[in-house]
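# An overview of the molecular structure
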Amino acid sequence: MGSAKNKTSNASRKARIEELRRAEQARERRNRILTITASVVVVAGLVAGGVVLVKSQSDKNDTASDSKASGHFVTGSDGVKTWKGTLSRNHVTKTVTYPMEPPVGGDHNQVWMNCNGDVYAKAVNNMNAVHSLEHGAVWVTYNSKASDADVKALAAKVKKTPYTLMSPVEDQKDPIMLSAWGKQRTVTSATDPNVDKFFASYVQGKQTPEPGAACTNGLSQ
């Protein structure tokens, strides 16, 4: 009975993610059309001999002052730590110092790390990864204490799961950690059942500030 429920839950989650991916693709098509239209307008303006510079509100956000997340983790009975406190969401250009490693939220860079099942061999910038979490991604991280077998198995899982990314974080407390916006937990290995549970709960989960936002066309290594 439990197996049937799990299959139904997994099927529903996959359908929801696929629906979000289709919405993202449609959004990208609209953006391409808008970009082409805007380019035509700009060219016409140049031919006419006039160039108008417009600074958008998002540009203003890009130069906002850094703000640090404040609060603390509270560990639930399931082992998942939830951040209790402030996780601001400003786009900034300066370096943000986060109170946790890996970070689970706070001010971040305007460009997200690609998180469509992307596996990075080198450390990524925290500020770009936090933007991915804002979009509903789960970030799998590991340090040199993690076994090669676990790293390989986790990478295989991430590569087939939309809205996930993976990278090394040498300064983290435990060998393998999973992070989402405002959520984090340690797992013992790639076969720990809590890996699947965390993915099921937090890949595009209820904690997501911007559900369905893009996980492609961002930054990659």
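Residues numbered from 1 in each chain as written. Predicted model: local features only at pLDDT ≥ 70, side-chain atom pairs only at ≥ 80, totals over all residues. Heavy atoms only, no water.

Applying the stated criterion to the full structure yields three salt bridges. A salt bridge links R89 to E210, with the shortest nitrogen-to-oxygen separation between them at 3.1 Å. Placement of R89 in the loop between β2 (81–86) and β3 (116–119) and of E210 in the segment after α5 (193–202) is noted, with a sequence separation of 121 residues between them. Connected via shared salt-bridge partners are R89, E134 and E210. (Salt bridge = Lys/Arg side-chain N within 4 Å of Asp/Glu carboxyl O. Helix = DSSP H or I, 4+ residues; strand = E, 2+ residues; numbered from the N terminus.)

A few words on the state of the cysteines. Across all of its chains, the model carries one disulfide by this definition. Between the sulfur atoms of C115 and its disulfide partner C215 the distance amounts to 1.6 Å. In this structure the cystine formed by C115 and C215 twists about its S-S bond by roughly -90°; its chirality is therefore left-handed. In this pair, C115 is assigned in the loop between β2 and β3 and C215 in the segment after α5, connecting sequence segments 100 residues apart. (Disulfide = S-S within 2.5 Å.)

Let us now look at unusual backbone geometry. Across the junction of E101 and P102, the peptide omega takes the value 0°, indicating a cis bond. With respect to the secondary-structure elements, P102 resides in the loop between β2 and β3. Located in the positive-phi region is Q204, a residue other than glycine, with phi close to 55°. Relative to the helices and strands, Q204 is located in the segment after α5. Positive phi, normally seen in glycine, also occurs at N217, with a value near 60°. Its place among the elements puts N217 in the segment after α5.

In this section: the confidence of the model for the protein. Summing up the model confidence of the protein, the mean pLDDT is 83 and the portion of residues at 70 or higher is 73%. The model gives residues 37–67 a pLDDT under 50, and that stretch makes 23 contacts with residues more than four places away or in other chains. (pLDDT = per-residue confidence, 0-100. Contact = heavy atoms within 4.5 Å.)

Under the criterion given, the structure shown has two aromatic pairs. Taking 5.0 Å as the distance between ring centres and 85° as the angle between the ring planes, the aromatic pair formed by F73 and W83 counts as edge-to-face. You can see F73 sitting in strand β1 (residues 70–75) and its partner W83 sitting in strand β2, a full ten residues away along the chain. The class for F73 is partly exposed, based on a relative accessible area of 22%. The ring of F73 has K81 sitting right over it, with the charged end atom 4.7 Å from the ring centre. (Phe/Tyr/Trp six-rings, centres within 6.5 Å; stacked < 30°, edge-to-face > 60°. Buried < 20%, exposed > 50% of the residue type's maximum accessible area, 1.4 Å probe, protein only. Lys NZ or Arg CZ within 6 Å of the ring centre and 35° of its normal.)

Taken residue by residue, α5 has N194, V195, F198, F199 and Y202 as its buried positions. Mapping the buried residues of α5 onto a view down its axis gives an arc of 140°, with all of them on the same face. In α5, the exposed residues that point more than 90 degrees away from the buried face are P193 and K197. Measuring from the backbone nitrogen of N194 back to the side-chain oxygen at the start of α5 gives 2.9 Å, which picks out D192 as the cap. Two residues or fewer after α5 comes Q204, characterised by a positive phi angle close to 55°. (Arc of directions from axis to C-beta. Polar contact = N/O pair within 3.5 Å; in protein donor to acceptor, adjacent residues only side chain to side chain.)

With respect to the helices and strands, the residue P168 is situated in strand β5 (residues 164–168). The spacing of P168 and A121 is 47 residues in sequence and 7.0 Å in space, taken between C-alpha atoms. Residue contacts for P168: discarding those within four places in its chain leaves Y120, A121, K122, A123 and Y142.

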